[in-house]
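Residue strings, one per chain:
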Amino acid sequence: MTYRSLVRTIQGRFPFLVCALLLTTAAGRAGTFRLESDCLVVEIDDETAQWTLLDKRSGVRWPSEGTADSGLQGKPVRVEKLSGQSVRFVGENNAAVVFSLGGGGQMLELSYEKSGSETIRALGDALAITSAEGGYIIVPCREGLLVPAESDKAFKRGFGTSEYEGCHMNMLGFVKQGSVLIATWDDAYVFAELERTVADGHRLTATFELRGPAKTLRLMPLGKGDWDTIAREYRRYAEGQGFAVTLQEKIRRDPHLELMLGASNAKLWTCLARRMNEESTAEESVNVRWTFDEAARIAEHLRQDVGIERCFFMIGGWTEGGYDVRHPDNLPANPECGGNEALADAVQRIQKLGYMACLHDNVQDMYRDAKSWDPSFIEKRPDGSLITGGRWLGGRAYMVCAPKQLELAQRVQNLGAIRDLFKPWSYFIDTTYAVGPRECHDPNHPIGRNDDIAWKILLSDYARNTFGVFGSECGREWALPHSDFFEGLVGVGGRYYHQLKPEDLGAKTIPFFEMAYHDCQVCYGKYGYRAEDAGQYVAHHVLCARPLHYHSFPDHLYWQSPRGDRSAATEPNACYTRSDNGWAEGLHPLDVFLKNTHEVLGPLHHVTAHDRLSQFEFLTADGNVRRATYGDGPEATTVTVNFGPNPADMHSPTGGRTVLPPWGFIVEGPRFIAFHARHWNGQDYGDGALFTLRATDDKPLKESASLRIFHAFGPATLAWRGKTYEIKREDVIKPNI
């Protein structure tokens, strides 16, 4: 959607807004231009182009003291009134900056006219926040970062647009003195740089670099508020931009997507793990980890023996060379794992279970031993040299230019043939959303960062139209209208981030993505992790109301192999591997962990999938106890999680006094309750017990005549509506009898 369309959308949404915009000389201050609407006042010095912005609804000024630099080099040499809504300051070499009020007077737009491709640095002073102002910045990196001004951690870090662990939405949110402002932009050449200094008082700044063709930044003051306000108002903005396509709309497009609501993600990464040398000229090892028949048998085991009702089952390493080998040539399916017929049979068996089957692909990496190896497809540096990627199983990868990725995908032997042979309901193309926007200097297919995104959108649309349901790695805001799921947005390998460490920034991870887009996309984490170390990771997924990803399956038919017993694990981080006295007692440790967590996270996502996280709270001063409310009113679901090292004593509407252990939680909704607690509803549970309660008659739990109770571990006694029950594994209770 164009910016003009966005303006019309906002004007239609806020008809009460007085849209008369004033461009005047401020009374008593000759030489100051004034842009004013009902929402804001901008004053600009006509000699220096220094400026200030006043949020009329909160009375807070940006910057708090003094004036902000315009971003122009030197003093303006000419000032022009363009209209009643904008003023233009022209500097040396005809570079200029235009101050405009847009969005019906809701935002200040700064537009730069460059004399060349120089970089503009702006807003570092305008948006500065001090610890005395109780301020912070919200960064939409994966789930989200809350970076407070108050911290002894000095740092400087860039968050480039759509970069790997950069800004994954085109925005930053600012709060100071209880007043909220959003900065947003449209160009992939915008790079935000956050810096906290501590030497002379804690000061947090965000400077925007507008490189190359990037020209415009927008500031939207929103009055009094907090992170909830930022998310709510940004969502309205995103709807105008066309980003916020909901799961309801996507399910209408392809009903198979409904199977992913509440579905855990089971992934066999490398059915065939063939390792090549750096040059891709010699094999170093070949390992068949799962045949295609074994893949189907694992899915059948999960459904029939572990009772996993919904599963997003992904197969990697099915291609001719194996995982990350000989791309872009996928077919035939490798004979080591069974070949085409066995893979087609496996996909159909998986989907017969009611699971969503998905095949893993990659069209970005090309290897020298591929039958289709062609240097003309590869990205080039300005000197014409080929751009290489990572050293993966297939050897050294070379980066295929984005338009050529689409060309490869559209070949008759690629996506169309794969669909016809195997008929999966969904498809995954690796790296497409994860890698930052690219540039290529090949004269036959030169692209910039914005072109790269545009071509990846076309690739996404083609894959989605071919298979029905489509997703890629990590996830970006611009991909929301063109995909259905992200793998890697919620977390990475048992951590919140892959390379970024929030503690180095004095920051906290918050579920900001869920506050903006929970109802728009199915999202998972990525990579394997140790279940014994996953207490915090599970707690994070509970707060985000997202199913877990299980990417560390042992080889072959793992449940038939000898295994250790962790039925009564005592380490806090290993709490979700427990099975003492519960449903999965005696099962393989992976099945124990998968069952325990799926029974919470699957139904939780299912009941919240069409809601946005409407309110997020830190319930304790140290920020360790957190609450997320999904939806509004009587149908809302609240999730309270203890991220601290000590038990948290609290009151629960459904259970009265509730004590949560480290990484414990309570989920409370009209039709689903779950808890990992040491005390709930008058029952003591020692080191903790995990139960879930679901109505089987689609009535609210407080009225339901039939409830399915699941018990994962700990003491088996459950009190409900004045009665006490013993639930060894699971049972259906009839409270009215």
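Just above, that's the structure.
Worth saying up front: this structure is predicted, and the values here are computed from it rather than measured.

How would you summarise helix α10 (residues 535-544) if you had to cite specific residues and measurements?
Counting buried residues along α10, 9 of its 10 residues qualify, which places the element largely inside the surrounding structure. Among the residues of α10, those classed as buried are Gly535, Tyr537, Val538, Ala539, His540, His541, Val542, Leu543 and Cys544.

I'd like a description of the packing of aromatic side chains, backed by residues and values.
A complete count under the given rule lists 34 aromatic pairs for this structure. Seen in terms of ring centroids, Tyr433 and Phe470 are 6.3 Å apart; in terms of plane orientation they differ by 90°. Their pairing is edge-to-face. Of the two residues, Tyr433 sits in the loop between β28 (426-429) and α8 (449-467) while Phe470 sits in strand β29 (residues 469-473), which places them 37 residues apart along the sequence. On the basis of relative accessible area, Tyr433 is assigned to the buried category, the value being 0%. Looking at Phe470, the relative accessible area reads 0%, which means it is buried. Grouping aromatic residues by their ring pairs yields a cluster made of Tyr433, Phe470, Trp478, Phe486, Phe513 and Tyr517. Sitting over the ring of Trp269, Lys267 keeps its end group 3.5 Å from the ring centre. For the cation-ring pair, Lys267 lies above Phe428, with the distance from its terminal atom to the ring centre recorded as 4.7 Å.

Got a sec to walk through the environment of Leu393? Specific residues and values, please.
Structurally, Leu393 can be placed in the loop between β26 (388-392) and β27 (395-399). With 267 residues separating them in the primary sequence, Leu393 and Leu660 have C-alpha atoms 44 Å apart. Sequence-distant contacts of Leu393, defined by excluding residues within four places in its chain, comprise Thr270, Ala273, Arg274, Arg275, Met276, Tyr323, Asp324 and Val325.

Can you tell me about the sheet that holds strand β12 (residues 136-139), naming the residues and giving the values?
Taken in spatial order, the 10 strands line up as β6-β7-β8-β9-β19-β16-β15-β12-β13-β31 in an open sheet, and their pairing is antiparallel. In this open sheet, the two edge strands, each paired with only one partner strand, are β6 (78-83) and β31 (508-509). As judged from the 5 bridges shared by β6 and strand β7 (residues 86-90), these two strands associate in the antiparallel manner. Directly across from Ser83, in β7, lies its bridge partner Ser86. Here helix α2 (residues 227-241) sits on the sheet and contacts β9 (107-113), β12, β13 (145-148), β15 (171-176), β16 (179-184) and β19 (216-224); the angle it forms with β16, its principal contact strand, is near 40°.

Can you explain the pairing of strand β23 (residues 311-315)? Please cite residues and give values.
If a strand is regular, its side chains alternate between the two faces of the sheet. Buried residues dominate β23, accounting for 5 of its 5 residues. The side-chain alternation of β23 yields two buried faces, one formed by Cys311, Phe313 and Ile315 and the other by Phe312 and Met314. In this structure, strand β20 (residues 264-268) lies alongside β23, joined through 5 bridges in parallel fashion. Bridge assignment links Ser264 to a residue of β23, and that residue is Cys311. Note that β23 and strand β24 (residues 356-361) share 4 bridges and pair parallel.

Could you give me a rundown of the sheet that holds β26, with the residues and numbers involved?
The 3 strands are arranged β25-β27-β26 in an open sheet whose pairing can be described as antiparallel. Of all the strands in the sheet, the pair left with one neighbour each is β25 (365-366) and β26. Strand direction decides the pairing type here: β26 and β27, joined by 3 bridges, are antiparallel. If you follow Thr388 over to β27, its bridge partner there is Tyr398.

What counts as what
- Residues numbered from 1 in each chain as written.
- Predicted model: local features only at pLDDT ≥ 70, side-chain atom pairs only at ≥ 80, totals over all residues.
- Heavy atoms only, no water.
- Buried < 20%, exposed > 50% of the residue type's maximum accessible area, 1.4 Å probe, protein only.
- Helix = DSSP H or I, 4+ residues; strand = E, 2+ residues; numbered from the N terminus.
- Phe/Tyr/Trp six-rings, centres within 6.5 Å; stacked < 30°, edge-to-face > 60°.
- Lys NZ or Arg CZ within 6 Å of the ring centre and 35° of its normal.
- Contact = heavy atoms within 4.5 Å.
- Pairing = 2+ DSSP bridges.
- Axes fitted to C-alpha atoms, helices over the stretch in contact; angles between N-to-C directions.

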